[in-house]
Amino acid sequence: MPRFRHFLSVLPSLLACAGERPSASAPLVYYESYDPRSLDPALSTDVPTGEMVTLAYDGLTRFDVNGRLQPALSDRWTTDPRGLRYVFHLRAGVRFADSSPVTVAAVRQSFLRVLDPKSTGGRAWPLLPIGGARAYAAGTARDVPGIELLGDSAVALTLEQPLAVFPKFLAMPVASIVAPRSGVRDVETIGTGPWRFVSWAHDDALRYARNPGYWDGPPQAESLVVRIIPDQLVRAAELEAGRLDVVEVPFGETAAWRSRHANWLQEKPALRDVYIALNNRRGALRDARVRQAINYAVNVPQILATVYGGRGIRARGAIPPSLAGGDTTREAYTYDPARAKQLLAAAGLAAGVTLELWRAADNETLGRVAQAVQSDLEQVGIQIEIVARDASSQRAAARAGNADMAILDWWADYPDGDDFLFPLFSSTSFGPGGNYAFYSDAVTDSLLLAARRTQDDAARERLYRAIDERVYRAAPWLYLWFPVDLWAESPRITGWELPVIFNGQRWTGVRRATPP
Amino acid sequence: MTARLGRRLLLVVPTLCGVLVAAFLLLNVAPGDPVQAMVGERADSATIARLRAELHLDDPLPVRFGRYVLGLLHGDLGRSYITGRPIAQDLAERFPKTAQLALAAMSFAATVGIALGVVAAVRPGGWADRLARLTAYLGVSFPVYWVGLLLVLLFAVTLRWLPPSGSGGLVYLILPAATLGMRSVAVLARMTRGAMREALASDFIRTARAKGASERVVVLRHALRNALIPVITVLALDTGSYLTGSLLTESIFAWPGLGRYVLTAIEKRDLPAVQGAILFMSVLFVLVNLFADLLYAKADPRIAYD
């Protein structure tokens, strides 16, 4: 028995190895919620993959943590007055992880492998505006004439149509530049990024080491581990246990963390929309008055404050307020059930109507939002049947136009008003393209194209604002809110800033905090 | 014995064929499209059409099934639609982790469960019996997810004795194994207690006592051995289900096993990955049950395999 008691007394110290002590050389620890698809930029379709590609590769351009466009492997670029031809000049002296130099040929080859008709990436769209890229991707052409090498240090990209935001497209992970000698397996692609891939235990962790020769200055920490942790509460526990360096605060924990760890928190409006797409081509929802009535009938500020923990900014349009063109001052659909009833009566629906609202079963927070919306709409005679399916089935139904309403979120690919208008409201992007509301308006379409042609930023911003206003009045969505991200940074590190866009954080300025 | 084994093995073939057909049909009539998961948001219809053709998704179902079976006959489980990696390699990477967790959970459950059951049976109504009953109620009625999170909070966040999640040394096994084995502890304790009570009341126990055997010998050698048959059945069934991956436990503890692999594959509609995993799990399950059958004979020689 004494021996057993002795064992008990040393047990905590035996087990303490679990919570490793912070040392200056201990790796930084980040996380993804599921295993990335690949480390090959050509297969970068989702956020985890995009973030991992961002660590190990660079594109010609890139975003900083605040979503501003910056030069990367191209240190400067010029545009012709029509916005059709871009010339990107390569930064001198940059080398890939295999020591080979970054050349214009590597740029061309990187783009061609993404556009390769045999690629199963499926996300070549940032490169498709280049002249001839579509035909090449379809397998009907053997070259992309829009890519032109100008000597040893510049690449000219000629587009099919003017596209003012094209340099932002090139900051997407899929447009990363990879070494020509890259291998065939996904982990064998070689980049120029601040971190070098070391190992990958699937569903467990990815390990990176600092690239000492990084052109923008090597990362301050020696190594970075990215753990795969699916459960949000466990991630929060990992941070509290000192084994994870940053974490998104789980919704249910918002109040607790605000009081317990106030000085760890970072908060930033996200480039993201939470909305309910109303299928503009289906039944009663074809009538704009019905869609407007839905916007009047739902008490959005109250649902935001209660169900969503106040973690958002009420939307009066689709463009987030931190982007040029975003507007939170325009006249909103204020909560007005009487007005909603009038509009419904005018549309001939005084007797009421039944609609299906599709939600993703695994998203509990949005599920509760759907219930709150259901209860508000019931007050004005709109019966909502909530259809809960797994995310994949919900998206499939919404994309095929088989859902009356679908509660969704939209994440920015590139920080620009265009990303919150063109895919969401152009009649060329119905369904899988992003227009889940099947909103179709010739004037909106032509304004969207005009904005894409407009080089002047101020003029483009005016156009974005006008388009957003026009669409808002037509109410293709039940507009909800722009989420505000709430993350915690462990006191064990310094220098990390919450990025507004997933590929805006490279972890180069982050290091272990020196113990007090 | 050998003949029986051979017959049982032969029966495995139609079972697996059934699993193969059912899994293929179910997956292919379920809504959701793997190509949509591959391309993510904002895809154009040309890309979607090209990828569907590339993956032969537009071929008639029988043709696709035939192609899949042909691959299987060549020992090829195919490649994941999403990652492009060979599925056999994915499964081979995950299975050892799942096996490790299953073994730890079963060892925990067998040791604690059987011990509790024996102690409870020896003195019915005593403190051990009451503890065993409480454990059984709690173990069966508490949801795994909740218990897992509670253990994380207590041992990882508050006491900081154990890591909350992840994989590595033995310390990483403790919480997931306890969480996963919890239900089995409960069931085993009740089963063992019942079987032991029955055994202890039998004639042969009276005979053993009459010939002067010590209580330890009576309980452990005579009663427990006879009580073990139903216990082995439960153990085998649970081992079979643990070996095929445990979705919740693996997700809570970020354990890189089969359960999470299948979950991700289902979410992404990664058809060949789900099919491959189901097939693999079925083979495992069948083999474990076969093994349990053979164990019966070891525990009780009266079960004769003609």
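Residues numbered from 1 in each chain as written. Chains lettered and ligands numbered in written order. Predicted model: local features only at pLDDT ≥ 70, side-chain atom pairs only at ≥ 80, totals over all residues.

## A closer look at the sheet that holds strand β4 (residues 74–79) of chain A
Residues and elements named next belong to chain A.
Stage number 1. Taken in spatial order, the four strands of this open sheet run β4-β5-β7-β6, and their pairing is antiparallel. Edge positions in the sheet fall to β4 and β6 (147–150), since each has one partner strand and no second. Strand-to-strand twist of the sheet, defined as the mean angle between neighbouring strand axes without regard to direction, takes the value 20 degrees.
Stage number 2. As paired strands, β6 and strand β7 (residues 154–158) are joined by four bridges and run antiparallel to one another. (Pairing = 2+ DSSP bridges. Helix = DSSP H or I, 4+ residues; strand = E, 2+ residues; numbered from the N terminus. Axes fitted to C-alpha atoms, helices over the stretch in contact; angles between N-to-C directions.)

## A short note on the packing of helix α8 (residues 171–200) of chain B against helix α10 (residues 215–243) of chain B
Residue and element names in this part refer to chain B.
Stage number 1. Following both chains from N to C, one finds α8 and α10 inclined at 160 degrees, their axes separated by 8 Å at the closest point. The angle between α8 and α10 places the two elements in the roughly antiparallel class. Pair α8 / α10 crosses with right-handed handedness. Contact residues: L180, S184, V187, L188, M191, T192, A195, M196, A199 and L200 in α8; A223, L224, N226, A227, P230, V231, V234, D238 and Y242 in α10.
Stage number 2. Here the residues of the contact of α8 with α10 are counted per class, giving 15 nonpolar, three polar and one charged. (Parallel < 35°, antiparallel > 145°, perpendicular 65-115°, else oblique. Left-handed = near helix turned anticlockwise from the far one by under 90°. Contact = placed C-beta atoms within 7 Å. Nonpolar A, V, L, I, M, F, W, Y, C, P; charged D, E, K, R; others polar.)

## A look at the nonpolar core
Stage number 1. Residues I276, A277, A406, L421 and L478 of chain A together with A277 of chain B are the most contacted members of the largest nonpolar core, which totals 223 residues.
Stage number 2. Dropping the residues within four chain positions of it, L478 of chain A is found in contact with Y275, I276, L278, I294, N295, V298 and V373 of chain A. (Core = buried A, V, L, I, M, F, W, Y, C linked by C-beta atoms within 7 Å. Buried ≥ 20, exposed ≤ 12 C-beta atoms within 10 Å, placed from the backbone.)

## Observations regarding the interface of chain A and chain B
Stage number 1. The interface is formed by 47 residues belonging to chain A together with 46 residues belonging to chain B.
Stage number 2. Only α1 (2–15), β10 (223–228), α6 (232–240) and α12 (391–399) of chain A provide two or more residues apiece to the side of chain A that touches chain B.
Stage number 3. Tallying contributions element by element places α12 of chain A first for the side of chain A that touches chain B, with six residues.
Stage number 4. Looking at the side of chain A that touches chain B residue by residue, the class counts come to 21 nonpolar, 11 polar and 15 charged.

## So, unusual backbone geometry
Stage number 1. Here S99 of chain A, not a glycine, exhibits a phi torsion of approximately 75 degrees, which is positive.
Stage number 2. Take S99 of chain A: it is sitting in the loop between β5 (85–90) and α3 (104–115).
Stage number 3. Exposure remark for S99 of chain A: the 9 C-beta atoms within 10 Å place this residue in the exposed category.
Stage number 4. We note that H56 of chain B has phi near 60 degrees; this positive angle belongs to a residue other than glycine.

## Description of helix α12 (residues 258–267) of chain B
Stage number 1. Here α12 of chain B lies mainly inside the structure; seven of its 10 residues are buried.
Stage number 2. Inspection of α12 of chain B places L258, G259, R260, Y261, V262, T264 and A265 of chain B among the buried residues, and these make up the whole buried set.

## Here's the deal with the environment of R68 of chain A
Residue and element names in this part refer to chain A.
Stage number 1. The residue R68 is located in the loop between β2 (61–63) and β3 (69–71) in this model.
Stage number 2. Here R68 falls in the exposed class, since 12 other C-beta atoms lie within 10 Å of it.
Stage number 3. Sequence-wise, R68 and K168 are 100 residues apart; in three dimensions their C-alpha atoms are separated by 9.3 Å.

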